[in-house]
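Notes for the structure review
Given next are the chains, with one letter for each unit.
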Amino acid sequence: MVALVWPSPTALVLTVVVGIWAIFGGFLEIFAGFGSGETAGTRALFILTGLVWVAFGVVVLSRPDVGAVTLALLFGLFNLIAGATLITRGVELRRTGKTLHSIVPKAA
């Protein structure tokens, strides 16, 4: 109801919330890249994804007045990049799981 009554302030607040969310999530991804027990490829993907998140958040927060259309375009581009990264992680995780099953003996 508030969005229908005050669409301009609602779009501004949504832009700020999405920007803060992206920066916070990006820093969490970057910190996850420096965690122990990860392979070099996984670390690189964590850091790359985190940098994309942070860059997206900075762009959104630097121009909060650009409107919902630009936010939608940036959000779509961000999701394409993050989705490709997540698919790559899934393939790598699946490959790692198969390797682990071949190493660990089955219990009787």
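Structure: above.
Summary of the structure given here.

Before going further, it helps to spend a moment on the nonpolar core. Counting eight residues, the largest nonpolar core is built from Val-18, Ala-22, Trp-53, Phe-56, Val-60, Leu-71, Phe-78 and Ala-82. Contributions of two or more residues to this core are made by α2 (7-33), α3 (40-62) and α4 (68-103). Those residues in contact with Phe-56 that lie beyond four places of it in its chain are Val-18, Ala-22, Leu-71, Leu-74, Phe-75 and Phe-78.

This part covers the packing of α2 against α3. In contact at an axis separation of 7 Å, α2 and α3 are set at 160° when each is read in the N-to-C sense. One way to sum up the angle between α2 and α3 is to call them roughly antiparallel. Every pair of crossing elements has a handedness; the one defined by α2 and α3 is left-handed. Its residues assigned to classes, the contact of α2 with α3 comprises 18 nonpolar, eight polar and two charged.

Per the counting criterion, the structure on display carries five aromatic pairs. Measuring from centroid to centroid gives 6.5 Å for Phe-27 and Phe-31, while their planes differ by 25°, and the two rings are stacked. Linking Phe-27 with Phe-31, this pair stays in helix α2, spanning four residues, or about one helical turn. Judged by its relative accessible area of 40%, Phe-27 is partly exposed. Overall, the relative accessible area of 58% leaves Phe-31 in the exposed class. Between Trp-53 and Phe-78 the ring centres are 5.1 Å apart and the planes differ by 80°, which places this aromatic pair in the edge-to-face class. Of the two residues, Trp-53 sits in helix α3 while Phe-78 sits in helix α4, which places them 25 residues apart along the sequence. Of the two residues, Trp-53 and Phe-78, neither departs from the other in class, the shared state being buried.

Reading guide: rules and limits
- Residues numbered from 1 in each chain as written.
- Predicted model: local features only at pLDDT ≥ 70, side-chain atom pairs only at ≥ 80, totals over all residues.
- Heavy atoms only, no water.
- Core = buried A, V, L, I, M, F, W, Y, C linked by side-chain atoms within 4.5 Å.
- Buried < 20%, exposed > 50% of the residue type's maximum accessible area, 1.4 Å probe, protein only.
- Helix = DSSP H or I, 4+ residues; strand = E, 2+ residues; numbered from the N terminus.
- Contact = heavy atoms within 4.5 Å.
- Axes fitted to C-alpha atoms, helices over the stretch in contact; angles between N-to-C directions.
- Parallel < 35°, antiparallel > 145°, perpendicular 65-115°, else oblique.
- Left-handed = near helix turned anticlockwise from the far one by under 90°.
- Nonpolar A, V, L, I, M, F, W, Y, C, P; charged D, E, K, R; others polar.
- Phe/Tyr/Trp six-rings, centres within 6.5 Å; stacked < 30°, edge-to-face > 60°.

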